[in-house]
Amino acid sequence: MRLRNIPGSREAIASSQWCVQEPELQKGRWRSFFGNDNPIQIEIGMGKGKFLLELAKRNPDVNYLGIEKYSSVLLRALQKIEEEPLPNVRFIRMEAESLCDVFGEGEIAKIYLNFSDPWPKDRHAKRRLTSRQFFLRYDIILAENGTVEFKTDNKDLFAFSLEEIKEAGWDLDDFTWDLHHDDARNAKNITTEYEERFSSMGNPICKLTASRS
Ligand code: SAH
């Protein structure tokens, strides 16, 4: 998601109580950052935060960190949480490539990836958030029984992701190529902004869950 650069967005983030400033300083200490022992889940590339905020509302006993690289996009999420504060949510403006500088070993209980950038050119495959290179990072920061959940409408990216999970030696716990027409799997689904947009255009939504044995 790219929005026009919004003047002042960097400053708004730098002075916001909802955004973690210098997140590297919290590495290995996120539990004390939140002040409780609740599990910590992250969404990478949260966009305007619709999914994360709804998830956090439904699960007050879980702490959530929303990660987004663009200030102008993150600003939208900030505006939402300011209207409806949630004690179990914070945001981080950062690139997913530096995950291991910000989270210690096994600190994260679950990772959500929703409608991640497809990077269609082969030579950019390692930038995809479901590439084997990213699974190596997830392997470090995820707790032993931690999971990765991924949704997309991009069939090529989904097929690539299924293959990468195998290559990375992870287990594919569950998957569907058409989440919205699968009543059991769809029952508790929380839609994202992109999901609503692509689904209303008639695109089926794919979803998978992966973990290590
Ligand atoms: N999850 C949202 C937005 C999807 S668009 C939804 O489903 O509606 C993908 C988002 O991921 C964009 O906002 C983009 O800026 C962000 N993003 C892409 N690559 C990223 C990376 N490497 N690190 C952090 N954020 C990233």
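**Student:** Quick one: what's the story with the overall build of the chain, residue by residue and with numbers?
**Tutor:** Secondary structure summary: the chain contains nine helices and seven strands in total. Taking 17 Å as the expected radius of gyration for a compact globule of 213 residues, we find that the chain reaches 16 Å, a close match to that expectation. Along the three orthogonal principal directions, the C-alpha set of the chain runs to about 40 × 35 × 35 Å. The buried share of the chain, reckoned over its 213 residues, is 49%. When contacts within the chain are restricted to residue pairs at least 6 apart in sequence, long-range pairs at least 24 apart make up 75% of them. Entry remark: accessible area of the chain is about 10900 Å², with carbon and sulfur atoms responsible for 46%.

**Student:** Give a detailed account of the site of the ligand, specifying residues and quantitative values.
**Tutor:** Of all residues adjacent to the ligand, which total 18 residues, the nearest are G45, E68, A96, T192 and Y194. With respect to the ligand, the side chain of E43 contributes an N or O atom lying 3.5 Å from a nitrogen atom. Side-chain polar atom of E68 to an oxygen atom of the ligand: 2.6 Å apart, as the coordinates give it. Protein contact buries 98% of the 570 Å² of open area that the ligand shows by itself. For the shell around the ligand, the class distribution of residues is seven nonpolar, four polar and seven charged.

**Student:** So what's going on with the environment of N114? Residues and values would help.
**Tutor:** Summarising the element assignment, N114 is placed in strand 4 (residues 108–114). Under the relative-accessibility criterion, N114 is labelled buried at 7%. For the pair N114 and F91, spaced 23 residues apart in sequence, the C-alpha separation works out to 16 Å. If sequence neighbours within four positions are ignored, N114 has contacts with E43, G45, F51, K151 and T192. A polar contact is formed between the side chain of N114 and the side chain of E43, at a distance of 2.9 Å.

Calculation criteria
Residues numbered from 1 in each chain as written. Predicted model: local features only at pLDDT ≥ 70, side-chain atom pairs only at ≥ 80, totals over all residues. Heavy atoms only, no water. Helix = DSSP H or I, 4+ residues; strand = E, 2+ residues; numbered from the N terminus. Rg over C-alpha atoms; globule rule 2.2 N^0.38 Å. Buried < 20%, exposed > 50% of the residue type's maximum accessible area, 1.4 Å probe, protein only. Contact = heavy atoms within 4.5 Å. Areas by Shrake-Rupley, 256 points an atom, 1.4 Å probe, with all protein chains shown as cover. Near = heavy atom within 4 Å. Polar contact = N/O pair within 3.5 Å; in protein donor to acceptor, adjacent residues only side chain to side chain. Nonpolar A, V, L, I, M, F, W, Y, C, P; charged D, E, K, R; others polar.

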